[in-house]
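Each chain, written out:
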Amino acid sequence: MTDKDACSDAIIESMSSICGTDHVTVSEEVSDYGFMQQHRPQLLVSPGSVEEIQEIVRFATASGVPLIALGGGTRIAQVLGRMNHGIAVCTRRLDRISEFEPGNLSLRCGSGTLPAAVRELTTDHNLQLAILADFDHSTVGGQVASDFSGWKRYRYGASGDYVLGLSFVSTDGKHVSTGGKTVKNVSGYDFTRLLSGSWGRFGIITSVTFKLLPRPEKELLAVKDFSDAEEALEEGVDILSKVADPCSCNLIGDRKHADIRLVLCLEGSSELVSSQLNRLQLGTGWRLETSEGNRDTAAEEYACRRRAMKRDIFHTAAIDKRLLAKTFPLLRLLAKYHCSYDFDLSAGLLEFSSADSEETSFDEFKEAWQSAVDGQAGIRHTLVPTARPSAMFARIVERLDPHCIMFPDNLYSGGGDHD
Ligand SMILES: Cc1cc2nc3c(=O)[nH]c(=O)nc-3n(C[C@H](O)[C@H](O)[C@H](O)COP(=O)(O)OP(=O)(O)OC[C@H]3O[C@@H](n4cnc5c(N)ncnc54)[C@H](O)[C@@H]3O)c2cc1C
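Everything numeric in this text was worked out from a predicted model, so none of it was measured. (Residues numbered from 1 in each chain as written. Predicted model: local features only at pLDDT ≥ 70, side-chain atom pairs only at ≥ 80, totals over all residues.)

## Quick look at the overall build of the protein chain
Working step 1: Per the secondary structure count, the protein chain includes 14 helices and 19 strands.
Working step 2: Computed over its C-alpha atoms, the radius of gyration of the protein chain comes to 22 Å, within 12% of the 22 Å expected for a compact globule of 419 residues.
Working step 3: The principal-axis extent of the C-alpha atoms belonging to the protein chain is close to 65 × 55 × 40 Å.
Working step 4: Looking at the 419 residues of the protein chain, the share that counts as buried comes to 42%.
Working step 5: Residue pairs in contact within the protein chain that sit at least 24 positions apart in sequence constitute 68% of those at least 6 positions apart. (Helix = DSSP H or I, 4+ residues; strand = E, 2+ residues; numbered from the N terminus. Rg over C-alpha atoms; globule rule 2.2 N^0.38 Å. Buried ≥ 20, exposed ≤ 12 C-beta atoms within 10 Å, placed from the backbone. Contact = placed C-beta atoms within 7 Å.)

Below you can see the structure in the form of structure tokens.
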């Protein structure tokens, strides 16, 4: 059976009449939007307005067809369960920056806006949206929905921390606005927070108002390559004992590169960065770059490596920072199973890929990993896909999405197929 057969003509016709045939995609082309070939919705629509989204949602509720909100599709393949039905609603056409108020440190834009557009506008005014993805296709709506936190999470937190307000289309087709454009804008429960990190489970975000920050006066990136993970870990832990609040300090073991890399970022006023650097007395082997000078070679190379590697990153372990020095056996285990990892020492977050070796199965790796971390208080690990929605979450879903149309197969926030 072809995709076209599986997706009834009536659905295709309805979507075309709402968005126009040019904005409806059927067949394998849907996988161009980030879905895996074998797990993808049957149809992709790209509405150009809030009203079109409302019509799509009302149609889905009335006909019982599940919907998936889609931004840039950079994370979508990983959150899907075994899916072969439903409609993806792509928000990329909602990409207008409708308000930019440098004096109020706020910016409002459509959920399909790309990070580059936000960065370009804010940089000109010496401002920044502190948590903003450094990969091209992700949308601000997708970032908020996944509560994105990049490599500077220890200093700046997550995407949701910068959302002053947002609008979304709820599962009954209403356009709901929460929050506002001031920092104090909620009396009672903060619904903006509910949508940040909802992974598209409660509705389709249409626009977001962000809080901006001044750009730091100075940014310094220090990079050192090691041949030995234990040595790199020791140096990282030593750095954190001298400077408790770096912007970030990451240890990267990438299966495609033999070396282990320690990347330290310091940010703030020139005085602060200089005094932190004095305290650290970094030894030999370090390469330094500052935002004032030869900036961007190491930063760009680091960003490229992370981007390439992060596509495979799937599992996370949250580690109490007092235990960092004792985590070498975990790194040794990851190396043994050819996993790539990005260990954010400043935040105590170890992200790693699945085992990549012809000789080992995921189950074998899982067993080895679990016996290494089981019983270790202070290490909370998640091997994905394992997430099950809590009873409380299930009750919220019941109330907000009674017909279960919003992305019921989402592994991160809905259940789905966990095989
Ligand atoms: C190279 C790379 C590096 C990454 N690094 C990090 C990292 O350091 N830290 C981190 O936290 N994450 C990281 N991610 C994952 C990141 O959170 C997401 O890729 C990205 O921010 C999501 O944006 P997107 O537009 O691509 O969303 P998509 O992939 O399209 O969607 C992601 C989720 O959000 C939902 N969604 C999308 N748009 C909307 C909307 N308008 N309304 C409601 N729901 C919506 C989708 O249904 C889905 O559940 C990385 C991903 C890649 C590919």
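## A closer look at the sheet that holds strand 6 (residues 106-110)
Working step 1: In spatial order, the strands read 5-6-10-8-9; together these five strands make up an open sheet with antiparallel pairing. Edge strands, defined here as strands with exactly one partner in the open sheet, are strand 5 (97-101) and strand 9 (175-179). Along the sheet, successive strands turn relative to each other by an average axial angle of 10 degrees, direction set aside.
Working step 2: Of the strand pairs in this sheet, strand 5 and strand 6 are connected by four bridges, and their pairing is antiparallel. Residue pairing across strands places Glu-101 opposite Ser-106, the latter belonging to strand 6. (Pairing = 2+ DSSP bridges. Axes fitted to C-alpha atoms, helices over the stretch in contact; angles between N-to-C directions.)

## Considerations on the pairing of strand 8 (residues 163-169)
Working step 1: For strand 8, the buried fraction is high: seven of the seven residues fall into the buried class.
Working step 2: Strand direction decides the pairing type here: strand 8 and strand 10 (residues 204-211), joined by six bridges, are antiparallel. Bridge pairing in strand 10 links Leu-166 to Val-208.
Working step 3: Note: strand 8 against strand 9, five bridges, orientation antiparallel. Residue pairing in the sheet places Gly-165 in a bridge with Gly-179 of strand 9.

## Describing the sheet that holds strand 2 (residues 43-45)
Working step 1: Here we have four strands laid out as an open sheet, ordered 1-2-4-3, and mixed in their pairing. With one partner strand each, in any of the chains shown, strand 1 (24-26) and strand 3 (67-70) form the two edges of the open sheet. When strand polarity is set aside, the average angle formed by the axes of neighbouring strands in this sheet is 20 degrees.
Working step 2: For strand 3 and strand 4 (residues 87-90), the ladder comprises four bridges, and the chain directions are parallel. Residue pairing for strand 4: Leu-70 is matched across the bridge by Cys-90.
Working step 3: Those strands touched by helix 3 (residues 50-63) are strand 2, strand 3 and strand 4, and its axis lies near 165 degrees from that of strand 4.

## A look at the site of the ligand
Working step 1: Not every one of the 35 residues close to the ligand is listed here, only the nearest: Gly-71, Gly-72, Gly-141, Gly-142 and Gly-200.
Working step 2: Mapped by element, the contributors of at least two residues to the shell around the ligand are strand 3, helix 4 (76-79), helix 6 (140-145), strand 10 and helix 11 (297-310).
Working step 3: No other element matches helix 6, which puts four residues into the shell around the ligand.
Working step 4: Of the residues contributing to the shell around the ligand, the split by class is 14 nonpolar, 17 polar and four charged.
Working step 5: Residue contributions to the shell around the ligand reach at least three from each of two domains, namely domain 1 (97-215) and domain 2 (218-382). (Near = placed C-beta within 6 Å. Nonpolar A, V, L, I, M, F, W, Y, C, P; charged D, E, K, R; others polar. Domains from an automatic or database assignment.)

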